[in-house]
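Reading the structure
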Amino acid sequence: MPDTTDDIAEGISFQAFEDDCRLLGSLLHDVLLRELGPHFIHLFERIRILAQSAATMRGAGMEDTAAVVERQLEAELAAMSLEDSLSIARAFSHYLNLTGIAERYHRVRKSRSEVHLSKSCDDIFDKLIQGGVPPEELYDTVCKQGVEIVLTAHPTQINRRTLQYKHLRIAHLLEFNERPDLSHDDREMLIEDLVREITALWQTDELRRHKPTPVDEARAGLHIVEQSLWKAIPRYLRRVSNALKKHTGKPLPLTCTPIKFGSWMGGDRDGNPNVTAKVTRDVSLMSRWMAIDLYIRQLDNLSFELSINKCSEKLASVANEILLKVDSLESASEETKASPWTQTGPQNIVKLQPSLALAAQLPSGADLPSLTECIGSEAQIRIVKPPWNPKRQGIQIPTEKSDDSPVQSPGRSRPGSSHMGRTPSAGQLRKMLFTESKIGRSSFRKLLEPSLSDRPGITPYRIVLGNVKEKMMKTRRRLELLLEDLPCDYDPAEYYETPDQLLEPLTLCYESLQSCGSSILADGRLADLIRRVATFGMVLMKLDVRQESGRHAEALDAVTSYLDLGIYSEWDEEKKLDFLTRELKGKRPLVPPYIEVAADVQEVLDTFRVAAELGSDSLGAYVISMASNASDVLAVELLQKDTRLTVSGDLGRPCPGGTLRVVPLFETVKDLREAGSAIRKLLAIDWYREHVIKNHNGHQEVMVGYSDSGKDAGRFTAAWELYKAQEDVVAACNEFGIKVTLFHGRGGSIGRGGGPTYLAIQSQPPGSVMGTLRSTEQGEMVQAKFGLPQTAVRQLEIYTTAVLLATLRPPHPPRDPHWRHVMEEISRVSCAHYRSTVYEDPSFITYFQEATPQAELGYLNIGSRPAKRKATPGINNLRAIPWVFAWTQTRLVLPAWLGVGKGLQDALDKGHTEELRAMYDEWPFFQSTLDLIEMVVAKADAPMAKHYDDVLVSSPERRAVGEELRRELARAESCVLAVSGHCKLSANNRSLRRLIESRLPYLNPMNMLQVEVLRRLRRDDDNLKLRDALLITINGIAAGMRNTG
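In this text, all values refer to a predicted model and were calculated from it rather than measured experimentally.

Applying the stated rule across the entire model yields 28 aromatic pairs. Ring centres of tryptophan 923 and phenylalanine 926 lie 6.5 Å apart, and the angle between their planes is 15°; this geometry places the pair in the stacked category. Across the pair, phenylalanine 926 and tryptophan 923 agree in class, each one buried. An aromatic cluster is defined as three or more aromatic residues linked by ring pairs; in this entry it consists of Trp720, Tyr723, Trp819, Trp923, Phe925 and Phe926.

Laid out in structure tokens, this is it:
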């Protein structure tokens, strides 16, 4: 089971899990036999049996015998042809992925089978009430909770999206296989479907042949929303509401949602030159398009459900007004239709005329109960295609489609269309839109539509919802024009721009049903739609913008130099603050409108212009990476204010929404130590403090980075510095009466701050989680936690209950003040050892490059962002993801434990044994830190890492580096066990240990094969087949370790 999900402490039904593994393994075996023949099956089984034997012997303590078998396995892999190596790598990789699918489904099975599920809303609400929390306080705290999960495009998702979808289909088939009512024929058909899916997997290229663009990454994030989160949110909110009603007597308010979603995909430009202002604008518009499209589909289903006539007087009046308006518009349209070419005025602006969008056929899924939207139906896979034109960094809009096909997505034409697969030109698009909007729909379409004159046959709910749908379709079409940079009219009354506008008619329908005694109907699909609008708004996920602090300084350098004010970046902090504060208080723009600057600076200015045009209705936070001073925040505030003044003047109206909240990100150990001071200096500035109170409800958001701090000082020191930084930031905000929301930039792996969400939140400093939290979810963790609606519901509940507990029952601070001194000493020794190894040993960097596939990871094409911040050698400029990824591949997993053994050993030698055990038992932060390290050490494999060294590291001096690292791993293991009191690693998590052991017969051969392929490839670098074989082993090992970076 992955070390990064919240189910690590929860048991698995191993009998059922192993039955599914055997089924999938047997079907894969049959596919391989048919595809590759009996010779390959013999080879595959021989490799598997040798690996199984060696793993069993090592588990039994027969190290010498296991080594003999492993040498035989190495010899057979070395003698294998390139073709056989490639096929073996693919076969083992697919098996590891199939077992991962089985694991994921069985977490779903467990959550369904448990009557009293731990960490669920019902469980935690009950415990809090029993613990003395008043029901009213519990209710208010849940209703005011504000958690935001931010999906990022960090390149750690190894699988192509095509394979992810096939994996989801296999998971759905495993779910159907559980049904007790399947007949013999049904079960045979199900097995045939599984065989087809596995065959399709085998015949699909598992490697990305091109790097994804930022738009590709954003599209992948939107598909997670569409395929899973869209279905999970109503089910999750019903669970919260039902638990609240059970324990407090009141349900969750309909428009209250404790969790929302954000995104960095298309907005994170830190070190990624491919994310431009144009990309950010288009991704934001694409997100809006997807939201509107999803709402249109829901409106169709809802219209068919609400076929009743009984309604409130207010709804009847609104419906009648809509009919009268449509009648008058249609009459006017008939007059103008007779002579469409006599109209005057500009012809380049498309005007979209209103009508009533009544559904003409049964929508997909309308015949199924609403329950199936969350748990019972297989997701449709829709693909929104990116632009094909390489000259544009935009979004390809759809060829025009029939309104009666709401599930159609961009990139699809109508069946039979001559434009199939092509984007229409601007002229073609204008003609199509003009034909549909000005001349009217075809006669055939009118035959399908209900007649407006037959008013008794049209229910008031359908009239109101039809009007909503019509405005939504106009909104969608306007977004398509904007995405294609085509002109269109702007009439706010014709479109939906804010969630409140959409909620108004939906709430009217809801209140009408309630007042007429139809509560059971109101609380069905209509309530689910209202809750989706409250959660996703008009954008699905608000997009954060992230940029490195130095880029803002460069922009201000250009401006101050142009204005003969000097060079901004050369000023001291006090002079910067004085200048920035003075300009922020002014009422004129600072940046001259026609200033000529370098391309990099212009891109920064263009980004602020896009942010001003989109505003806080579409965008979330502006995150400043590598922040260190108060001036870093004020620089962004000034550039933002300046651009909004300019854009407002150009538009002739105020910019949409409000200003973006500016969030400093403290990443390095040095910056974390000074974070509290920077926030104090910032809040001491009257202008800024008043700005936060006026524009951001008195809330200051601060982000802390786990990845770079871990690479900088080691995981243990990073954890301690993050803990102290959060304490200091909270204290600083409290001093000025400002509320604080901490934004946790956690990676997927433990080496980058990952780990179980529940454990992480429960171990935060007291007072740092006061009902609000933001946290990133990255790469493969997005798919693992939110890929299935059922697992997504579970994860959302865990976020809710963990934040609730941390708010109402905060974790205990260190009982003994001396414990902090002990932590400081452990951290100091640990950091010194980590840095002396990684940064000060001149042979380490060469050893790292030889002993790991770090240099070859760039062939994977898994992200749009470069692997290094700067094109210079060294660990400093290497990003945290490839740093962790490379060590995960060799099974040494060094970033998560290096330095820990040295620090703990020093404390034990100084006589702190009993004190450390008390800290482990009574201090949640210390216990969770040690438990995560223990979990990683349990997954590390020193003999396998030694095999990499023996074959790939050429110098005895550098091999000695590897020997020392393996000794450090052994020391970390013994010291962690000495403090925790466990007799062996993962003694408190037998499920995890058993799952790790079950993978070894397939994982170990993948590592050995990777070593052999690396050995050959480094002698024949241009061999593309060897390169493919290596990448497949990387995929397979990542699947087996359940981790990349």
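It is worth spelling out the side chain of arginine 532 at this point. By secondary structure assignment, the location of arginine 532 is in helix α16 (residues 519-536). From its side chain, arginine 532 meets the backbone oxygen of tryptophan 230 in a polar contact 2.9 Å long.

A few words on the confidence of the model for the chain. In this model, the chain carries a mean pLDDT of 84, and residues with pLDDT of at least 70 account for 82%. Across residues 339-354 the pLDDT falls below 50, and counting only partners more than four positions away or on other chains, this stretch makes 32 contacts in the model.

Right, let's talk about unusual backbone geometry for a bit. Although it is not a glycine, methionine 626 sits at a positive phi angle of roughly 55°. Methionine 626 sits in the partly exposed class, given a relative accessible area of 21%. For valine 893, which is not glycine, the phi dihedral falls at a positive 50°. Examined against the element boundaries, valine 893 turns out to sit in the loop between α31 (880-889) and α32 (900-909). Since its relative accessible area comes to 12%, valine 893 is described here as buried.

As a further point, take helix α35 (residues 942-952). Turning to α35, its buried residues are Met944, Ala945, His947, Tyr948, Asp949 and Leu952. The N-capping residue of α35, defined by a side-chain oxygen 3.0 Å from the backbone nitrogen of methionine 944, is aspartate 941.

On to the packing of helix α2 (residues 38-59) against helix α3 (residues 63-79), then. Here α2 crosses α3 at 160°, and the two axes come no closer than 8 Å. Comparing their axes, α3 and α2 come out roughly antiparallel. Along this stretch, α2 crosses α3, giving a crossing that reads as left-handed. Contact with α2, carried on its side by Arg46, Ile47, Leu50, Ala51, Ser53, Ala54, Met57 and Arg58, involves Glu63, Thr65, Ala66, Ala67, Val69, Glu70, Gln72, Leu73, Glu76 and Leu77 of α3 and no other residues of that element. Tallied by class, residues from the contact of α2 with α3 come to ten nonpolar, three polar and five charged.

A word on the pairing of strand β1 (residues 146-152). Among the seven residues that make up β1, six are buried, leaving the element largely enclosed by the rest of the structure. In this structure, β1 lies alongside strand β8 (residues 772-778), joined through seven bridges in parallel fashion. Bridge pairing links glycine 146 to threonine 772 in β8. Sheet analysis places β1 next to strand β2 (residues 259-263), joined by five bridges and oriented parallel. By the bridge assignment for β2, glutamate 148 is matched with lysine 260.

Rules and cut-offs
Residues numbered from 1 in each chain as written. Predicted model: local features only at pLDDT ≥ 70, side-chain atom pairs only at ≥ 80, totals over all residues. Heavy atoms only, no water. Phe/Tyr/Trp six-rings, centres within 6.5 Å; stacked < 30°, edge-to-face > 60°. Buried < 20%, exposed > 50% of the residue type's maximum accessible area, 1.4 Å probe, protein only. Helix = DSSP H or I, 4+ residues; strand = E, 2+ residues; numbered from the N terminus. Polar contact = N/O pair within 3.5 Å; in protein donor to acceptor, adjacent residues only side chain to side chain. pLDDT = per-residue confidence, 0-100. Contact = heavy atoms within 4.5 Å. Axes fitted to C-alpha atoms, helices over the stretch in contact; angles between N-to-C directions. Parallel < 35°, antiparallel > 145°, perpendicular 65-115°, else oblique. Left-handed = near helix turned anticlockwise from the far one by under 90°. Nonpolar A, V, L, I, M, F, W, Y, C, P; charged D, E, K, R; others polar. Pairing = 2+ DSSP bridges.

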